[in-house]
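A look at the structure
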Amino acid sequence: MGLVTGKEILDKADKEGYAVGAFNINNMEILQAIVNAAKLENSPVMIAVSEGAIKYAGIDYLTSLVKTAAESTDIPIALHLDHGKDFKVILSCIRYGFTSLMIDASSLPFEENVAETKKVVGVAHPLGISVEAELGRLQGVEDNVSVAERDAILINPKEAKIFVKETGVDSLAPAIGTSHGAFKFKGKAELDFERLKETKKLTKIPLVLHGASSVPKEILDQAAKYGAKIPGAKGVPTGQIKKAIENGINKVNIDTDLRLTLTGAIRKVFYESPEQFDPRKILGPARDSMSDLVRKKMKLLGSSGKA
Ligand code: G3H
Ligand code: 13P
Ligand code: ZN
C-alpha cells in the first residue's frame, strides 16, 4: 500500500486507546522481523531509523528496504526518523520519503526547543509529514533526587501545553523517568504517571514513550547462557508499559529489546554450532526470535488486530 504518516497511525491509536510500537532498524533482518510480526498480528507499525542507523547503513538502503516492505502489504507502516538532531539529516529524510520525523531539541532551553521544533513543523507539515518532539530529559531518575532536580529532568505539563500550542507538533515525547539502553534504573523502576496524566489532559495529542524496552529476564538469561556479560541490566516492567498506555501513551519506542534478542540468538548459534559460517544460518534464527519478540510487544501494546 505504500507508507502512511505517523499522524494517521497515532491519531487512530489515541482515539481507540492503544499504542503502536516504533521499532528501530539497522539492517534488513531487523526490518523483516518487524514487518513479518506486523503482518501476523495485523498490526500497524512504525519503523524507526536513527541518525546512527543512517550513518551505518545509508539512508538510500534503509528507505528502499522500508518502502519495499510497505509495498508488500496493506498493513499501515510509517517510516520515522528517530531523534533527529541535525537539520540537514531531517531535510534529507524528507527528500527520501520519510512520513514521520522526530526533532529532538530536548537538550536545549525551552524557547530554543520551541524554535527548532517550529522550524521542522514548518517544512514538514506543508508536505504532509508528521512531526514528533520531546520535552524534558531522558535520563534515569534516582529515588533519592530532590523535587527540584526531578522538576529539572522530567516534563512540566504546563510547559507541554504551551509547547504543543506554539509548535503545532503532532505527537510529543514527555520525559517521565525512562532512559535509553539496557540500564534504566539502579533502584526501583517507577515512571511518573501523574505527570503523564496531566500532560495528556493539557495537550490532548498522542504521547510517546521513549526508552520503553523491558529488558526481559528470559532474554538476558538466554544471552548470558551463551556468554553475554550484561550485568545490572534493567528495563521498564511490562505492567508499567500498560499503565502508561492507559494514561495516554500511544507510541512505544523499542530498540534495546531487539538488540538483546538478536545478540542472544546469534550467540546460541556460535556456541552450539562452532563450525557454522553461513550468514543465513547465523542471522536467520535471530530474525525469527526478533519477530516473536515484536509479536509479543504488539499484543502488550494493544495494536494487534488494529491494522
Ligand atoms: O534512541 C536510541 C535508539 O535506541 C537508537 O540508538 O542512536 O544507537 O541508533 P542509536
Ligand atoms: P530502548 O533503549 O528502551 O529500547 O528505547 C528506544 C528508544 O527510545 C528509541 O527512540
Ligand atoms: Zn528514544
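Okay, so let's go over this structure. Keep in mind it's a predicted model, so treat the numbers as computed, not measured. (Residues numbered from 1 in each chain as written. Chains lettered and ligands numbered in written order. Predicted model: local features only at pLDDT ≥ 70, side-chain atom pairs only at ≥ 80, totals over all residues. Heavy atoms only, no water.)

Things to note about the pattern of salt bridges
Per the counting criterion, the structure on display carries 20 salt bridges. Of the charged contacts in the structure, one is a salt bridge between Lys200 and Asp14, with a shortest N-O distance of 3.0 Å. You can see Lys200 sitting in helix H9 (residues 193–203) and its partner Asp14 sitting in helix H1 (residues 6–16), a full 186 residues away along the chain. Look at Asp14 and you get partly exposed, because its relative accessible area is 24%. Residues Lys85 and Asp104 are paired through a salt bridge, measuring 3.9 Å at the closest nitrogen-oxygen approach. Note that Lys85 is positioned in the loop between strand S3 (77–84) and helix H5 (87–95) and Asp104 in the loop between strand S4 (100–103) and helix H6 (110–124), a separation of 19 residues in sequence. Through salt bridges with shared partners, a single ionic network connects Arg150, Asp151, Asp192 and Arg195. (Salt bridge = Lys/Arg side-chain N within 4 Å of Asp/Glu carboxyl O. Helix = DSSP H or I, 4+ residues; strand = E, 2+ residues; numbered from the N terminus. Buried < 20%, exposed > 50% of the residue type's maximum accessible area, 1.4 Å probe, protein only.)

Remarks on the site of ligand 2
Surveying the vicinity of ligand 2 reveals 14 residues, the closest of which are Asp82, Lys184, Ser213, Asp255 and Thr256. Contact distances for ligand 2 include 2.8 Å between an oxygen atom and a backbone N or O atom of Gly181. Isolated, ligand 2 exposes 310 Å² of accessible area, and the fraction of that covered by the protein chains is 97%. Contributions of two or more residues to the shell around ligand 2 are made by S3 and strand S8 (249–254). For the shell around ligand 2, the residue count by class is two nonpolar, nine polar and three charged. (Near = heavy atom within 4 Å. Polar contact = N/O pair within 3.5 Å; in protein donor to acceptor, adjacent residues only side chain to side chain. Areas by Shrake-Rupley, 256 points an atom, 1.4 Å probe, with all protein chains shown as cover. Nonpolar A, V, L, I, M, F, W, Y, C, P; charged D, E, K, R; others polar.)

What about the site of ligand 1?
The environment of ligand 1 is formed by Asn24, Ser50, Asp82, His83, His180, Asp255 and Arg259. His83 places a polar side-chain atom, nitrogen or oxygen, 3.4 Å from an oxygen atom of ligand 1. In this structure, His180 approaches ligand 1 through a side-chain N or O atom, which is 3.2 Å from an oxygen atom. In the complex, 67% of the free accessible area of ligand 1, which totals 300 Å², lies under the protein chains. For the shell around ligand 1, a count of residues per class yields no nonpolar, four polar and three charged.

A word on the side chain of Glu132
Positionally, Glu132 belongs in strand S5 (residues 130–135). According to the relative accessible area criterion, Glu132 is buried, its value standing at 1%. A distance of 2.7 Å separates the side chain of Glu132 from the side chain of Lys251, its partner in a polar contact. Those residues in contact with Glu132, other than ones at most four positions away along the chain, are His80, Leu101, Met102, Ile103, Ser171, Ala173, Val208, His210 and Lys251. (Contact = heavy atoms within 4.5 Å.)

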